[in-house]
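Analysis of the macromolecular model
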Amino acid sequence: MTQTPAHDATTPVHWKLVIDCADPHAQADFWAAALAYTVEDHSALVERLLGLGAVPAELTVEAHGRRAWRDLAAVRHPGDPYQEESGTGLGRRLLFQRVPEPKTGKNRLHLDLHPGPERRVAEVERLTGLGAGVLREVREAGGEWVVMADPEGNEFCLH
């Protein structure tokens, strides 16, 4: 009988936030601009797999002048490490995956952006210029923030 080694609770678990969407490349462009992140360049991996015949060309598109996955796009923190051979980030990243169904309800998980109260108004203007919408402004005893939606309607908060 094979035993699985016990997980060391002190070792952090690598993760990424995956967001279902209709247009992964548009979402990646929006969030890269919103967060000052980098759109991942997976073209070397895509080209290698196409050259080997491992994936059909129908699974790819041209994005930013290079081959990319049709149904996936990702953004990563520009200071975090990444795999050069695949372009995949190894730190803070968001992965956008195409799904056939539209968004139907409120998010159960959302991002909070924290530019600070002194920059909030300017940041709302910048993000609406990128395609976000303002859903409501909140003023409570615990603080003030703006609830916004990205171009596909996913809610996020600007504190």
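Before reading on, note that the structure itself is shown above.
A brief look at the structure comes next. (Residues numbered from 1 in each chain as written. Predicted model: local features only at pLDDT ≥ 70, side-chain atom pairs only at ≥ 80, totals over all residues. Heavy atoms only, no water.)

1. Focus on the overall build of the chain
- Regarding its fold elements, the chain presents three helices and 10 strands.
- Ordered by position from the N terminus, the helices and strands of the chain form the series β-α-β-α-β-β-β-β-β-α-β-β-β.
- A principal-axis box enclosing the C-alpha atoms of the chain has dimensions of 55 × 45 × 35 Å.
- Here the chain holds 159 residues, and 36% of them are scored as buried.
- Residue pairs in contact within the chain that sit at least 24 positions apart in sequence constitute 60% of those at least 6 positions apart. (Helix = DSSP H or I, 4+ residues; strand = E, 2+ residues; numbered from the N terminus. Buried < 20%, exposed > 50% of the residue type's maximum accessible area, 1.4 Å probe, protein only. Contact = heavy atoms within 4.5 Å.)

2. A word on helix α2 (residues 43–51)
- Among all positions of α2, only Ser43, Leu45 and Val46 are buried. Buried residues of α2, seen end-on, are gathered within an arc of 160 degrees and therefore sit on one face of the element.
- Buried residues in α2 make contact with β3 (60–63) and β4 (66–69).
- Downstream of α2 by one or two residues, Gly53 has phi in the positive range, about 75 degrees. (Arc of directions from axis to C-beta.)

3. Considering the side chain of Asn107
- Assignment of secondary structure puts Asn107 in the loop between β6 (93–98) and β7 (111–113).
- Residue Asn107 is classed as buried on the basis of its relative accessible area of 14%.
- Polar contacts involving the side chain of Asn107 include one to the main-chain carbonyl oxygen of Glu155, which spans 3.1 Å.
- In this view, Asn107 contacts Asn154 and Glu155; residues no more than four positions away in its chain are not counted. (Polar contact = N/O pair within 3.5 Å; in protein donor to acceptor, adjacent residues only side chain to side chain.)

4. Considering the sheet that holds strand β8 (residues 133–140)
- The four strands are arranged β7-β10-β9-β8 in an open sheet whose pairing can be described as mixed. In the strand order of this sheet, the two ends are held by β7 and β8, each with one partner. Across the sheet, the mean angle separating the axes of adjacent strands is 25 degrees when strand polarity is ignored.
- Pairing of strand β9 (residues 143–149) with strand β10 (residues 155–158), which is carried by four bridges, proceeds in the antiparallel orientation. Paired with Ala149 across the two strands is Glu155, which belongs to β10.
- With respect to the sheet, helix α3 (residues 120–129) is in contact with β7, β8, β9 and β10, its orientation differing from that of β9 by roughly 5 degrees. (Pairing = 2+ DSSP bridges. Axes fitted to C-alpha atoms, helices over the stretch in contact; angles between N-to-C directions.)

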